[in-house]
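Chain residues, written in single-letter form:
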Amino acid sequence: MCEVRKGYVIAAFNFTDMLEVERDDSMNIYEDDEQAVEAAVAEGIRIIPVDELPKNFDRRYYGWIDTPENRRAIQRYCDQYLS
């Protein structure tokens, strides 16, 4: 089976269950994570709007995958480490 690489990856942040879009550094297609996120959005990946992230989240930026599971993982992280 052939893996299709698009210049970005969906990765778990810092050994957590929180998933975000990141630039695939090995491909050098996008200049930064922000460009990679925009490409992922253009391909249909849903991203949590920044204003919907928990207020105490220390990583409030556009790039977190928008699924119920990921929203719960982000909330758990905030409750465990940032309360």
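Predicted model, so just to flag it, every value in this text is computed and none were measured.

What about the packing of aromatic side chains?
Across all of its chains, the model carries 5 aromatic pairs by this definition. Between F57 and Y77, the aromatic rings sit 5.8 Å apart at their centres with planes inclined by 85°, giving edge-to-face as the arrangement. With F57 in the loop between helix 1 (33-42) and helix 2 (68-81) and Y77 in helix 2, this pair connects stretches of sequence that are 20 residues apart. Just as F57 is buried, Y77 falls in that class too. Here the aromatic rings of Y77 and Y81 are separated by 5.4 Å at their centres, their planes lie at 50°, and the arrangement is tilted. Of the two residues, Y77 and Y81 are both situated in helix 2; the distance of 4 residues between them amounts to about one turn of the helix. Looking at Y77, the relative accessible area reads 13%, which means it is buried. Cluster of aromatic residues (ring-pair linked, three or more members): F13, F57, Y61, W64, Y77 and Y81.

About the criteria used
Residues numbered from 1 in each chain as written. Predicted model: local features only at pLDDT ≥ 70, side-chain atom pairs only at ≥ 80, totals over all residues. Heavy atoms only, no water. Phe/Tyr/Trp six-rings, centres within 6.5 Å; stacked < 30°, edge-to-face > 60°. Helix = DSSP H or I, 4+ residues; strand = E, 2+ residues; numbered from the N terminus. Buried < 20%, exposed > 50% of the residue type's maximum accessible area, 1.4 Å probe, protein only.

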